[in-house]
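Below are the chains, spelled out letter by letter.
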Amino acid sequence: MELIYDTGWAEQPAIVEQPLIGDIDCDVVVIGGGGGGMSAALRLAEKGVDVVLLEAKTLGWGATSRNAGYITNSIAADPELLGFLLKRERLRSLYRYAENAVHFAEDAVAHHGIDCDYRREGIVMAAVSKGQLRHARRNAKVMAEAGSSAEFVEGRAAGLPEGFLGGVREGVGGTLNPGEFVLGLRAATIRSGVRVHEHTLARDVTDTGDGVIVETPNGRVRARKALLTANAYSAGLSITPKNLATPVWTSLVETEPVAPERLDEIGWTSRAPMVTLHMIIESYRVTPRGTIVFGTRRVQAGRNPLPERTPAPHVADDLVRGFHERFPGLRDITPQKAWGGWIGMSSTWLPVAGEASDNVLYSLACNGHGFAQAQYVGHLLADRIGGAPLHPDLAAIWHGRKRFRLSFVSGPALYTGWLADRAADRLAALTK
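Parameters and conventions
- Residues numbered from 1 in each chain as written.
- Predicted model: local features only at pLDDT ≥ 70, side-chain atom pairs only at ≥ 80, totals over all residues.
- Heavy atoms only, no water.
- Helix = DSSP H or I, 4+ residues; strand = E, 2+ residues; numbered from the N terminus.
- Rg over C-alpha atoms; globule rule 2.2 N^0.38 Å.
- Buried < 20%, exposed > 50% of the residue type's maximum accessible area, 1.4 Å probe, protein only.
- Contact = heavy atoms within 4.5 Å.
- Areas by Shrake-Rupley, 256 points an atom, 1.4 Å probe, with all protein chains shown as cover.
- Lys, Arg positive; Asp, Glu negative; His and termini not counted.
- Charge placed at Lys NZ, Arg CZ, Asp CG, Glu CD.
- Core = buried A, V, L, I, M, F, W, Y, C linked by side-chain atoms within 4.5 Å.
- Patch = residues over 30% accessible without salt bridge, like charges linked within 9 Å, V, L, I, M, F, W, Y side chains within 5 Å.
- Salt bridge = Lys/Arg side-chain N within 4 Å of Asp/Glu carboxyl O.
- Phe/Tyr/Trp six-rings, centres within 6.5 Å; stacked < 30°, edge-to-face > 60°.
- Lys NZ or Arg CZ within 6 Å of the ring centre and 35° of its normal.
- Axes fitted to C-alpha atoms, helices over the stretch in contact; angles between N-to-C directions.
- Parallel < 35°, antiparallel > 145°, perpendicular 65-115°, else oblique.
- Left-handed = near helix turned anticlockwise from the far one by under 90°.
- Nonpolar A, V, L, I, M, F, W, Y, C, P; charged D, E, K, R; others polar.
- Pairing = 2+ DSSP bridges.

Caption draft 1: Broad picture of the overall build of the protein. Scanning the protein from N- to C-terminus turns up 11 helices and 21 strands. Here the C-alpha atoms of the protein give a radius of gyration of 21 Å, agreeing with the 22 Å that 2.2 N^0.38 yields for 432 residues. Overall, the C-alpha framework of the protein stretches about 65 × 50 × 40 Å when taken along its three principal axes. Taken across its 432 residues, the protein has 58% of its residues classed as buried. Of the contacts formed within the protein by residues at least 6 apart in sequence, a portion of 76% connects residues at least 24 apart. Summing over all exposed atoms, the protein offers an accessible surface of approximately 18,000 Å²; the carbon and sulfur share of this is 52%. Across the protein, the centroid of the 47 positively charged side chains sits 6 Å from that of the 47 negatively charged ones.

Take a look at the structure:
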(Lines give C-alpha, C1' and ligand atoms only; values in the text may rest on other atoms or scores of the structure.)
Protein backbone atom coordinates (compact mmCIF):
# COMPACT_ATOMS: atom_id res chain seq x y z
CA MET A 1 0.00 0.00 0.00
CA GLU A 2 1.24 3.46 -0.86
CA LEU A 3 -0.60 6.45 0.60
CA ILE A 4 -0.65 9.90 -0.90
CA TYR A 5 0.34 12.29 1.86
CA ASP A 6 -1.81 15.37 1.40
CA THR A 7 -2.09 18.71 3.20
CA GLY A 8 -5.83 18.58 3.86
CA TRP A 9 -9.30 18.76 2.37
CA ALA A 10 -9.43 22.43 1.39
CA GLU A 11 -8.08 23.50 -1.96
CA GLN A 12 -5.89 26.57 -1.87
CA PRO A 13 -7.94 29.58 -3.01
CA ALA A 14 -7.05 30.99 -6.41
CA ILE A 15 -6.85 34.55 -5.10
CA VAL A 16 -5.08 35.32 -1.83
CA GLU A 17 -5.94 38.42 0.16
CA GLN A 18 -3.09 40.96 0.22
CA PRO A 19 -0.49 40.45 2.96
CA LEU A 20 -0.10 43.39 5.33
CA ILE A 21 2.51 45.92 4.25
CA GLY A 22 2.97 49.06 6.34
CA ASP A 23 1.13 50.23 9.46
CA ILE A 24 -2.66 50.38 9.82
CA ASP A 25 -5.19 51.30 12.51
CA CYS A 26 -8.52 49.66 13.38
CA ASP A 27 -10.97 49.13 16.22
CA VAL A 28 -10.36 45.40 16.72
CA VAL A 29 -7.69 43.06 15.34
CA VAL A 30 -8.41 39.34 15.20
CA ILE A 31 -5.33 37.10 15.17
CA GLY A 32 -5.89 33.71 13.58
CA GLY A 33 -8.12 33.05 10.59
CA GLY A 34 -9.63 29.69 11.48
CA GLY A 35 -13.31 29.13 12.12
CA GLY A 36 -13.23 31.04 15.40
CA GLY A 37 -11.40 34.02 13.93
CA MET A 38 -13.65 34.25 10.90
CA SER A 39 -16.78 33.93 13.04
CA ALA A 40 -15.56 36.70 15.36
CA ALA A 41 -14.64 38.98 12.47
CA LEU A 42 -18.01 38.40 10.78
CA ARG A 43 -19.86 39.30 13.97
CA LEU A 44 -17.80 42.45 14.50
CA ALA A 45 -18.33 43.56 10.90
CA GLU A 46 -22.06 42.93 11.29
CA LYS A 47 -22.07 45.34 14.26
CA GLY A 48 -20.25 48.02 12.24
CA VAL A 49 -16.86 47.58 13.88
CA ASP A 50 -13.72 48.31 11.84
CA VAL A 51 -12.00 44.92 12.10
CA VAL A 52 -8.74 43.53 10.71
CA LEU A 53 -8.22 39.76 10.45
CA LEU A 54 -4.65 38.43 10.27
CA GLU A 55 -3.83 34.89 9.10
CA ALA A 56 -0.36 33.40 8.68
CA LYS A 57 -1.47 31.23 5.72
CA THR A 58 -4.93 31.45 4.12
CA LEU A 59 -8.19 31.63 6.06
CA GLY A 60 -9.14 28.20 7.39
CA TRP A 61 -5.81 26.66 6.41
CA GLY A 62 -5.34 25.00 9.81
CA ALA A 63 -7.50 22.66 11.87
CA THR A 64 -10.77 24.11 10.58
CA SER A 65 -10.22 22.47 7.18
CA ARG A 66 -8.07 19.51 8.27
CA ASN A 67 -10.40 17.88 10.79
CA ALA A 68 -12.46 14.71 10.50
CA GLY A 69 -15.63 16.58 9.55
CA TYR A 70 -17.74 16.21 12.70
CA ILE A 71 -20.14 18.82 14.10
CA THR A 72 -20.64 17.46 17.60
CA ASN A 73 -21.77 18.47 21.07
CA SER A 74 -19.02 16.34 22.61
CA ILE A 75 -16.71 17.59 25.34
CA ALA A 76 -13.22 16.14 25.08
CA ALA A 77 -12.94 15.07 28.71
CA ASP A 78 -14.62 11.80 29.71
CA PRO A 79 -18.27 12.41 30.79
CA GLU A 80 -18.11 9.98 33.71
CA LEU A 81 -14.96 11.64 35.03
CA LEU A 82 -16.50 15.10 34.59
CA GLY A 83 -19.56 13.93 36.50
CA PHE A 84 -17.28 13.00 39.38
CA LEU A 85 -15.13 16.16 39.30
CA LEU A 86 -17.66 18.90 38.51
CA LYS A 87 -20.79 20.13 40.21
CA ARG A 88 -24.01 19.20 38.43
CA GLU A 89 -24.85 22.76 37.36
CA ARG A 90 -21.34 23.28 35.96
CA LEU A 91 -21.66 20.10 33.91
CA ARG A 92 -25.11 21.10 32.67
CA SER A 93 -23.75 24.48 31.58
CA LEU A 94 -20.94 22.79 29.60
CA TYR A 95 -23.31 20.53 27.68
CA ARG A 96 -25.71 23.40 27.06
CA TYR A 97 -22.80 25.41 25.66
CA ALA A 98 -21.66 22.51 23.44
CA GLU A 99 -25.14 21.85 22.06
CA ASN A 100 -25.71 25.55 21.32
CA ALA A 101 -22.37 25.55 19.48
CA VAL A 102 -23.69 22.81 17.19
CA HIS A 103 -26.80 24.81 16.38
CA PHE A 104 -24.66 27.90 15.73
CA ALA A 105 -22.50 26.00 13.22
CA GLU A 106 -25.59 24.59 11.51
CA ASP A 107 -27.04 28.11 11.26
CA ALA A 108 -23.76 29.33 9.73
CA VAL A 109 -24.00 26.70 6.99
CA ALA A 110 -27.55 27.79 6.18
CA HIS A 111 -27.04 31.55 6.63
CA HIS A 112 -24.03 31.74 4.33
CA GLY A 113 -25.41 29.20 1.86
CA ILE A 114 -22.36 26.95 2.13
CA ASP A 115 -22.53 23.75 0.07
CA CYS A 116 -20.47 21.39 2.22
CA ASP A 117 -22.46 18.14 2.22
CA TYR A 118 -23.75 18.71 5.75
CA ARG A 119 -25.72 15.73 7.03
CA ARG A 120 -27.63 16.07 10.31
CA GLU A 121 -27.06 12.52 11.55
CA GLY A 122 -25.67 12.81 15.06
CA ILE A 123 -22.70 10.75 16.20
CA VAL A 124 -22.16 7.54 18.19
CA MET A 125 -19.54 7.22 20.92
CA ALA A 126 -19.04 3.54 20.16
CA ALA A 127 -17.82 0.66 22.31
CA VAL A 128 -15.56 -2.04 20.84
CA SER A 129 -15.27 -4.11 24.03
CA LYS A 130 -17.50 -5.17 26.91
CA GLY A 131 -15.61 -2.84 29.21
CA GLN A 132 -16.21 0.10 26.89
CA LEU A 133 -19.89 -0.88 26.66
CA ARG A 134 -20.25 -0.69 30.44
CA HIS A 135 -18.46 2.64 30.33
CA ALA A 136 -20.88 3.81 27.63
CA ARG A 137 -23.87 3.02 29.86
CA ARG A 138 -22.39 5.10 32.67
CA ASN A 139 -21.53 7.94 30.29
CA ALA A 140 -25.05 7.97 28.87
CA LYS A 141 -26.49 8.31 32.36
CA VAL A 142 -24.16 11.19 33.28
CA MET A 143 -24.84 13.00 30.01
CA ALA A 144 -28.61 12.59 30.28
CA GLU A 145 -28.53 14.02 33.81
CA ALA A 146 -26.50 16.96 32.42
CA GLY A 147 -29.21 17.73 29.86
CA SER A 148 -27.54 16.17 26.83
CA SER A 149 -29.69 14.52 24.15
CA ALA A 150 -27.47 11.42 24.33
CA GLU A 151 -28.91 7.92 24.74
CA PHE A 152 -27.45 4.45 25.16
CA VAL A 153 -27.85 2.16 22.12
CA GLU A 154 -27.10 -1.48 21.35
CA GLY A 155 -24.81 -2.07 18.37
CA ARG A 156 -26.91 -4.29 16.11
CA ALA A 157 -30.16 -2.49 16.90
CA ALA A 158 -28.48 0.85 16.11
CA GLY A 159 -27.13 -0.38 12.76
CA LEU A 160 -23.48 -0.32 13.83
CA PRO A 161 -20.80 -2.47 12.16
CA GLU A 162 -19.84 -5.89 13.46
CA GLY A 163 -17.45 -5.53 16.38
CA PHE A 164 -19.07 -2.31 17.60
CA LEU A 165 -21.18 -3.44 20.54
CA GLY A 166 -23.15 -0.27 21.13
CA GLY A 167 -22.49 3.10 22.69
CA VAL A 168 -23.84 6.57 23.31
CA ARG A 169 -25.73 8.17 20.46
CA GLU A 170 -25.75 11.95 20.48
CA GLY A 171 -28.84 13.15 18.67
CA VAL A 172 -27.59 16.52 17.51
CA GLY A 173 -24.95 17.49 14.97
CA GLY A 174 -23.60 15.47 12.10
CA THR A 175 -20.88 15.52 9.47
CA LEU A 176 -19.68 17.70 6.60
CA ASN A 177 -16.76 18.34 4.28
CA PRO A 178 -14.66 20.78 6.35
CA GLY A 179 -12.64 21.98 3.36
CA GLU A 180 -15.73 23.01 1.44
CA PHE A 181 -17.13 24.67 4.55
CA VAL A 182 -13.94 26.66 5.04
CA LEU A 183 -13.95 27.97 1.48
CA GLY A 184 -17.55 29.09 1.92
CA LEU A 185 -16.92 30.80 5.26
CA ARG A 186 -13.81 32.46 3.84
CA ALA A 187 -15.83 33.88 0.95
CA ALA A 188 -18.47 35.17 3.37
CA THR A 189 -15.80 36.81 5.54
CA ILE A 190 -14.23 38.62 2.61
CA ARG A 191 -17.65 39.76 1.32
CA SER A 192 -18.53 41.18 4.74
CA GLY A 193 -16.02 44.01 4.53
CA VAL A 194 -13.57 42.59 7.06
CA ARG A 195 -10.07 43.79 6.20
CA VAL A 196 -8.40 40.42 5.63
CA HIS A 197 -4.62 40.04 5.38
CA GLU A 198 -3.51 36.51 4.56
CA HIS A 199 0.09 35.28 4.64
CA THR A 200 0.61 37.74 7.50
CA LEU A 201 2.17 36.16 10.58
CA ALA A 202 1.57 37.86 13.94
CA ARG A 203 5.03 37.88 15.50
CA ASP A 204 4.18 39.65 18.73
CA VAL A 205 1.24 41.27 20.50
CA THR A 206 1.72 44.11 22.98
CA ASP A 207 -0.96 45.60 25.21
CA THR A 208 0.08 49.24 25.64
CA GLY A 209 -2.63 50.01 28.18
CA ASP A 210 -4.65 52.22 25.86
CA GLY A 211 -4.64 49.76 22.98
CA VAL A 212 -2.84 46.90 21.27
CA ILE A 213 0.04 46.71 18.79
CA VAL A 214 0.52 43.61 16.63
CA GLU A 215 3.89 43.22 14.96
CA THR A 216 4.04 41.41 11.60
CA PRO A 217 6.97 40.83 9.21
CA ASN A 218 6.17 43.90 7.09
CA GLY A 219 4.05 46.18 9.23
CA ARG A 220 2.07 46.79 12.39
CA VAL A 221 -1.59 46.87 13.36
CA ARG A 222 -2.69 49.35 16.03
CA ALA A 223 -6.08 48.60 17.57
CA ARG A 224 -8.20 49.30 20.62
CA LYS A 225 -8.74 45.61 21.30
CA ALA A 226 -7.51 42.22 20.08
CA LEU A 227 -8.95 38.72 19.89
CA LEU A 228 -6.52 35.82 19.96
CA THR A 229 -7.99 32.86 18.04
CA ALA A 230 -4.89 31.14 16.64
CA ASN A 231 -5.48 27.90 18.57
CA ALA A 232 -2.39 25.64 18.61
CA TYR A 233 -0.28 28.37 17.01
CA SER A 234 -0.92 30.89 19.80
CA ALA A 235 1.76 29.41 22.03
CA GLY A 236 4.33 31.24 19.92
CA LEU A 237 3.07 34.64 21.16
CA SER A 238 4.45 36.02 24.42
CA ILE A 239 1.05 37.41 25.48
CA THR A 240 -0.58 33.97 25.41
CA PRO A 241 -1.21 32.66 28.95
CA LYS A 242 1.46 30.18 29.97
CA ASN A 243 0.46 26.51 29.76
CA LEU A 244 -2.76 27.42 27.97
CA ALA A 245 -2.44 24.77 25.26
CA THR A 246 -0.14 22.05 24.05
CA PRO A 247 0.02 21.65 20.24
CA VAL A 248 -0.92 18.12 19.21
CA TRP A 249 -0.70 16.67 15.70
CA THR A 250 -3.62 14.48 14.64
CA SER A 251 -3.72 12.37 11.47
CA LEU A 252 -6.50 11.13 9.18
CA VAL A 253 -6.75 8.62 6.34
CA GLU A 254 -9.34 8.26 3.58
CA THR A 255 -10.09 5.07 1.64
CA GLU A 256 -11.19 4.40 -1.89
CA PRO A 257 -15.01 4.36 -2.38
CA VAL A 258 -16.78 1.40 -0.77
CA ALA A 259 -19.86 -0.12 -2.40
CA PRO A 260 -23.00 0.41 -0.24
CA GLU A 261 -23.74 -3.31 -0.20
CA ARG A 262 -20.33 -3.94 1.38
CA LEU A 263 -21.24 -1.62 4.26
CA ASP A 264 -24.58 -3.41 4.66
CA GLU A 265 -22.80 -6.76 4.76
CA ILE A 266 -20.68 -5.73 7.75
CA GLY A 267 -23.75 -4.37 9.57
CA TRP A 268 -23.09 -0.65 9.13
CA THR A 269 -26.65 -0.13 7.93
CA SER A 270 -27.15 3.15 9.80
CA ARG A 271 -23.96 4.68 8.34
CA ALA A 272 -23.72 6.47 11.70
CA PRO A 273 -20.40 8.32 12.19
CA MET A 274 -18.54 6.91 15.19
CA VAL A 275 -15.80 7.69 17.67
CA THR A 276 -14.58 4.97 20.02
CA LEU A 277 -14.32 5.12 23.80
CA HIS A 278 -10.55 4.63 23.93
CA MET A 279 -8.35 7.01 25.91
CA ILE A 280 -7.29 8.40 22.53
CA ILE A 281 -10.35 8.07 20.32
CA GLU A 282 -10.59 6.45 16.93
CA SER A 283 -13.06 8.00 14.48
CA TYR A 284 -14.81 6.38 11.50
CA ARG A 285 -17.33 7.87 9.09
CA VAL A 286 -18.70 7.33 5.60
CA THR A 287 -18.52 10.36 3.30
CA PRO A 288 -21.18 11.28 0.70
CA ARG A 289 -18.84 9.99 -1.99
CA GLY A 290 -18.73 6.55 -0.37
CA THR A 291 -15.22 6.68 1.08
CA ILE A 292 -14.40 6.04 4.73
CA VAL A 293 -12.43 8.65 6.68
CA PHE A 294 -10.78 7.47 9.88
CA GLY A 295 -8.24 8.93 12.24
CA THR A 296 -6.79 10.15 15.56
CA ARG A 297 -5.86 6.92 17.50
CA ARG A 298 -2.22 7.95 17.75
CA VAL A 299 -1.34 11.60 18.23
CA GLN A 300 1.92 13.48 18.72
CA ALA A 301 2.78 16.55 20.78
CA GLY A 302 4.69 19.46 19.25
CA ARG A 303 6.43 22.68 20.17
CA ASN A 304 6.30 26.15 18.69
CA PRO A 305 7.23 27.21 16.11
CA LEU A 306 5.09 24.47 14.59
CA PRO A 307 6.44 22.99 11.37
CA GLU A 308 4.52 22.30 8.20
CA ARG A 309 4.27 18.55 7.94
CA THR A 310 2.31 15.51 6.82
CA PRO A 311 1.43 12.42 8.89
CA ALA A 312 4.35 10.27 9.97
CA PRO A 313 4.38 7.00 7.98
CA HIS A 314 4.38 4.85 11.13
CA VAL A 315 1.33 6.74 12.43
CA ALA A 316 -0.52 6.35 9.12
CA ASP A 317 0.39 2.64 9.13
CA ASP A 318 -1.04 2.30 12.63
CA LEU A 319 -4.27 4.01 11.56
CA VAL A 320 -4.64 1.59 8.67
CA ARG A 321 -3.89 -1.34 10.97
CA GLY A 322 -6.61 -0.13 13.31
CA PHE A 323 -9.05 0.20 10.41
CA HIS A 324 -8.41 -3.41 9.41
CA GLU A 325 -8.89 -4.57 13.00
CA ARG A 326 -12.22 -2.77 13.33
CA PHE A 327 -13.47 -3.72 9.85
CA PRO A 328 -12.05 -7.17 8.98
CA GLY A 329 -14.65 -7.50 6.22
CA LEU A 330 -13.10 -4.50 4.43
CA ARG A 331 -9.46 -5.58 4.47
CA ASP A 332 -9.31 -5.39 0.69
CA ILE A 333 -10.37 -1.73 0.67
CA THR A 334 -7.41 0.48 -0.25
CA PRO A 335 -6.51 3.57 1.82
CA GLN A 336 -5.66 6.36 -0.61
CA LYS A 337 -4.88 9.61 1.18
CA ALA A 338 -3.50 10.75 4.54
CA TRP A 339 -3.36 14.23 6.03
CA GLY A 340 -3.38 15.92 9.40
CA GLY A 341 -3.19 19.14 11.37
CA TRP A 342 -2.35 20.80 14.66
CA ILE A 343 -4.92 21.16 17.45
CA GLY A 344 -4.56 22.71 20.90
CA MET A 345 -4.98 20.56 24.01
CA SER A 346 -5.69 22.34 27.30
CA SER A 347 -4.40 21.14 30.64
CA THR A 348 -8.02 20.59 31.76
CA TRP A 349 -9.17 18.93 28.51
CA LEU A 350 -11.99 21.50 28.55
CA PRO A 351 -12.54 24.44 26.18
CA VAL A 352 -11.45 27.79 27.58
CA ALA A 353 -11.81 31.50 26.92
CA GLY A 354 -10.56 34.44 28.93
CA GLU A 355 -8.45 37.57 29.16
CA ALA A 356 -4.76 37.60 28.35
CA SER A 357 -4.62 41.30 29.36
CA ASP A 358 -6.91 44.33 29.66
CA ASN A 359 -7.32 44.63 25.90
CA VAL A 360 -6.70 41.08 24.65
CA LEU A 361 -9.25 38.26 24.87
CA TYR A 362 -8.52 34.69 23.84
CA SER A 363 -10.35 31.52 22.84
CA LEU A 364 -8.33 28.34 22.60
CA ALA A 365 -7.96 24.64 23.23
CA CYS A 366 -11.20 22.95 22.23
CA ASN A 367 -9.18 19.74 22.32
CA GLY A 368 -10.15 18.37 18.94
CA HIS A 369 -13.86 19.22 19.28
CA GLY A 370 -13.56 22.80 18.14
CA PHE A 371 -15.13 22.84 14.69
CA ALA A 372 -18.45 24.12 16.05
CA GLN A 373 -17.26 25.38 19.41
CA ALA A 374 -14.49 27.64 18.08
CA GLN A 375 -16.95 29.40 15.79
CA TYR A 376 -19.49 29.87 18.55
CA VAL A 377 -16.96 31.18 21.06
CA GLY A 378 -15.52 33.57 18.46
CA HIS A 379 -19.02 34.99 17.96
CA LEU A 380 -19.59 35.35 21.72
CA LEU A 381 -16.17 36.96 22.26
CA ALA A 382 -16.92 39.48 19.52
CA ASP A 383 -19.97 40.59 21.50
CA ARG A 384 -18.01 40.56 24.74
CA ILE A 385 -15.22 42.73 23.37
CA GLY A 386 -17.88 45.22 22.31
CA GLY A 387 -19.05 45.59 25.90
CA ALA A 388 -21.85 43.01 26.09
CA PRO A 389 -22.42 41.17 29.40
CA LEU A 390 -20.82 37.76 29.74
CA HIS A 391 -23.08 35.34 27.87
CA PRO A 392 -24.07 32.27 29.98
CA ASP A 393 -22.47 29.92 27.43
CA LEU A 394 -19.27 31.96 27.48
CA ALA A 395 -19.37 31.92 31.28
CA ALA A 396 -19.42 28.10 31.12
CA ILE A 397 -15.84 28.09 29.78
CA TRP A 398 -14.63 31.45 31.10
CA HIS A 399 -11.20 31.31 32.71
CA GLY A 400 -10.71 35.04 33.23
CA ARG A 401 -7.11 35.74 34.10
CA LYS A 402 -6.48 32.69 36.23
CA ARG A 403 -3.24 30.83 35.64
CA PHE A 404 -3.16 27.43 34.01
CA ARG A 405 -1.50 24.53 35.75
CA LEU A 406 1.22 22.63 33.97
CA SER A 407 -0.29 20.31 31.36
CA PHE A 408 0.32 16.57 31.46
CA VAL A 409 -0.17 16.46 27.68
CA SER A 410 3.25 15.51 26.30
CA GLY A 411 4.83 13.16 23.83
CA PRO A 412 5.54 10.43 26.42
CA ALA A 413 2.07 10.76 27.97
CA LEU A 414 0.32 10.50 24.60
CA TYR A 415 2.44 7.49 23.64
CA THR A 416 1.57 5.86 26.98
CA GLY A 417 -2.12 6.46 26.24
CA TRP A 418 -1.73 4.75 22.88
CA LEU A 419 0.04 1.79 24.50
CA ALA A 420 -2.72 1.49 27.11
CA ASP A 421 -5.39 1.48 24.39
CA ARG A 422 -3.62 -1.24 22.45
CA ALA A 423 -3.20 -3.34 25.62
CA ALA A 424 -6.93 -2.96 26.30
CA ASP A 425 -7.68 -4.05 22.72
CA ARG A 426 -5.57 -7.17 23.12
CA LEU A 427 -7.22 -8.02 26.45
CA ALA A 428 -10.67 -7.55 24.92
CA ALA A 429 -9.74 -9.87 22.04
CA LEU A 430 -8.66 -12.58 24.51
CA THR A 431 -11.90 -12.39 26.51
CA LYS A 432 -14.33 -12.52 23.57
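Caption draft 2: Inspection of the nonpolar core at higher detail. Leu44, Leu53, Ile71, Leu176, Phe181, Leu227 and Leu394 are the most contacted members of the largest nonpolar core, which totals 67 residues. The dominant element in this core, judged by the number of residues it contributes, is helix α4 (residues 88-111), at 10 residues. Look past the residues within four positions of Phe181 in its chain and what remains in contact with it is Val109, Ile114, Cys116, Leu176, Phe371 and Gln375. By size, the runner-up hydrophobic cluster in this structure holds 25 residues, among which are Val253, Tyr284, Ile292 and Phe294.

Caption draft 3: Representation of a nonpolar patch on the surface within the structure. Where nonpolar side chains cluster on the molecular surface, the patch consists of Leu81, Phe84 and Leu85 and spans about 370 Å² of accessible area. Mapped onto the elements of the fold, Phe84 is located in helix α3 (residues 79-85). On the accessibility criterion, Phe84 (70% relative accessible area) is exposed.

Caption draft 4: View of the packing of aromatic side chains. Using the criterion set out here, one finds 14 aromatic pairs in the structure. Among the aromatic side chains, those forming a connected cluster through ring pairs are Phe164, Trp268, Tyr284, Phe294, Phe323 and Phe327. Its guanidinium or amino end placed over the ring of Trp61, Arg66 lies 4.3 Å from that ring's centre, counting from NZ or CZ. Sitting over the ring of Trp339, Lys337 keeps its end group 5.2 Å from the ring centre.

Caption draft 5: Structural context of the side chain of Ser283. Mapped onto the elements, Ser283 comes out in strand β15 (residues 282-286). On the accessibility criterion, Ser283 (3% relative accessible area) is buried. With sequence-adjacent residues up to four places away left out, Ser283 is seen in contact with Ala68, Tyr70, Leu252, Met274, Val275, Val293, Phe294, Gly295 and Thr296.

Caption draft 6: Inspection of the environment of Tyr284 at higher detail. By secondary structure assignment, the location of Tyr284 is in strand β15. With 40 residues separating them along the chain, Tyr284 and Leu244 place their C-alpha atoms 29 Å apart.

Caption draft 7: Expanded view of the packing of helix α1 (residues 35-46) against helix α6 (residues 178-191). Contact pair α1 / α6: the axes reach a minimum separation of 10 Å and the direction vectors enclose 30°. By the angle between their axes, α1 is roughly parallel relative to α6. The two elements α1 and α6 cross, and the hand of that crossing is left-handed. Counting all contacts with α1, which are made through Gly35, Met38 and Leu42, the residues of α6 involved are Leu185, Arg186, Ala188 and Thr189. When grouped by side-chain class, the residues that make up the contact of α1 with α6 number 4 nonpolar, 2 polar and 1 charged.

Caption draft 8: Local environment of the environment of Leu165. Among the structural elements, Leu165 can be located in the loop between β6 (151-154) and β7 (166-170). Assessed through its relative accessible area of 33%, Leu165 is described here as partly exposed. For the pair Leu165 and Leu228, spaced 63 residues apart in sequence, the C-alpha to C-alpha distance is 42 Å.

Caption draft 9: Looking closely at the pairing of strand β13 (residues 246-255). Counted residue by residue, β13 has 10 buried out of 10 residues, so it is predominantly covered. Along β13, one buried face is formed by Thr246, Val248, Thr250, Leu252 and Glu254 and the opposite face, lined by Pro247, Trp249, Ser251, Val253 and Thr255, is buried too. Pairing of β13 with strand β18 (residues 335-345), which is carried by 10 bridges, proceeds in the antiparallel orientation. Its bridge partner lying in β18, Val253 is registered against Ala338. Of the pairings in the sheet, the one linking β13 to strand β17 (residues 300-301) comprises 2 bridges and is antiparallel in character. Across the sheet, Trp249 pairs through a bridge with Gln300, a residue of β17. Here 3 bridges tie β13 to strand β16 (residues 292-296), and the two strands are oriented antiparallel to one another.

Caption draft 10: How the structure looks around unusual backbone geometry. Phi angles above zero are rare outside glycine, and His199 is one such case at about 50°. Residue placement: His199 occurs in the loop between β9 (195-197) and β10 (204-207). Although it is not a glycine, Asn243 adopts a positive phi angle of roughly 65°. Relative to the elements of secondary structure, Asn243 occurs in the loop between β12 (219-228) and β13. The class for Asn243 is partly exposed, based on a relative accessible area of 26%.

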